[in-house]
Amino acid sequence: MAGTIKGKLQYMSPEQVSGKPVDARSDVFALGVVLYELLTGLRPFQREEELATIMAVLTDAIVPPSEIRPDVPEELDDIVARALERD
C-alpha cells in the first residue's frame, strides 16, 4: 500500500523512516544495526513507542560498542560508526 512503512523501525535508515528515497546505503545502515546488536547484545534504536524509535534513528548518538563491551576492538567501533552514519 502506497504511503505505508514496511519493516522494523529500529532497522530502518534515517532516509527510510523519513519517507525519502532509499538506495543500497539503507541496507548498509541496517547491517550496521545488526552488527551493533551482535557486538553488544543491545538494539541501538529500539524504544517503547514508535515515534521515539523514529527519533532515535534520526538523532540519537551512537554509543561505541567498545564502551558497552570493552573486549570489542576499536576497529569494529569504526566500522559500526561508518555503517550507521546518517549523512
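Residues numbered from 1 in each chain as written. Predicted model: local features only at pLDDT ≥ 70, side-chain atom pairs only at ≥ 80, totals over all residues. Heavy atoms only, no water.

## Describing the overall build of the protein chain
Now for step 1: Across its full length, the protein chain holds five helices and zero strands.
Now for step 2: Along its sequence from the N terminus, the protein chain presents helices and strands in the succession α-α-α-α-α.
Now for step 3: At 13 Å, the protein chain has a C-alpha radius of gyration in line with the 12 Å of a compact globule built from 87 residues.
Now for step 4: For the protein chain, the spread of C-alpha atoms along the principal axes amounts to about 45 × 30 × 20 Å.
Now for step 5: Evaluated residue by residue, the protein chain yields a buried proportion of 31% over its 87 residues.
Now for step 6: Carbon and sulfur atoms form 55% of the exposed surface of the protein chain, whose accessible area is close to 6,000 Å².
Now for step 7: In the protein chain, the 9 positive side-chain charges and the 16 negative ones have mean positions that sit 7 Å from each other. (Helix = DSSP H or I, 4+ residues; strand = E, 2+ residues; numbered from the N terminus. Rg over C-alpha atoms; globule rule 2.2 N^0.38 Å. Buried < 20%, exposed > 50% of the residue type's maximum accessible area, 1.4 Å probe, protein only. Areas by Shrake-Rupley, 256 points an atom, 1.4 Å probe, with all protein chains shown as cover. Lys, Arg positive; Asp, Glu negative; His and termini not counted. Charge placed at Lys NZ, Arg CZ, Asp CG, Glu CD.)

## Side note on the packing of aromatic side chains
Now for step 1: Here the structure, examined in full by the defined rule, presents one aromatic pair.
Now for step 2: With centroids separated by 5.8 Å and ring planes inclined at 15 degrees, the aromatic side chains of Phe29 and Phe45 adopt a geometry described as stacked. A residue pair is termed long-range when its members are at least 10 positions apart, and Phe29 in helix α2 (residues 24-40) and Phe45 in the loop between α2 and α3 (50-59) qualify at 16 residues.
Now for step 3: Using a relative accessible area of 0% as the deciding quantity, one classes Phe45 as buried. (Phe/Tyr/Trp six-rings, centres within 6.5 Å; stacked < 30°, edge-to-face > 60°.)

What is shown is where atoms sit, not what they do.
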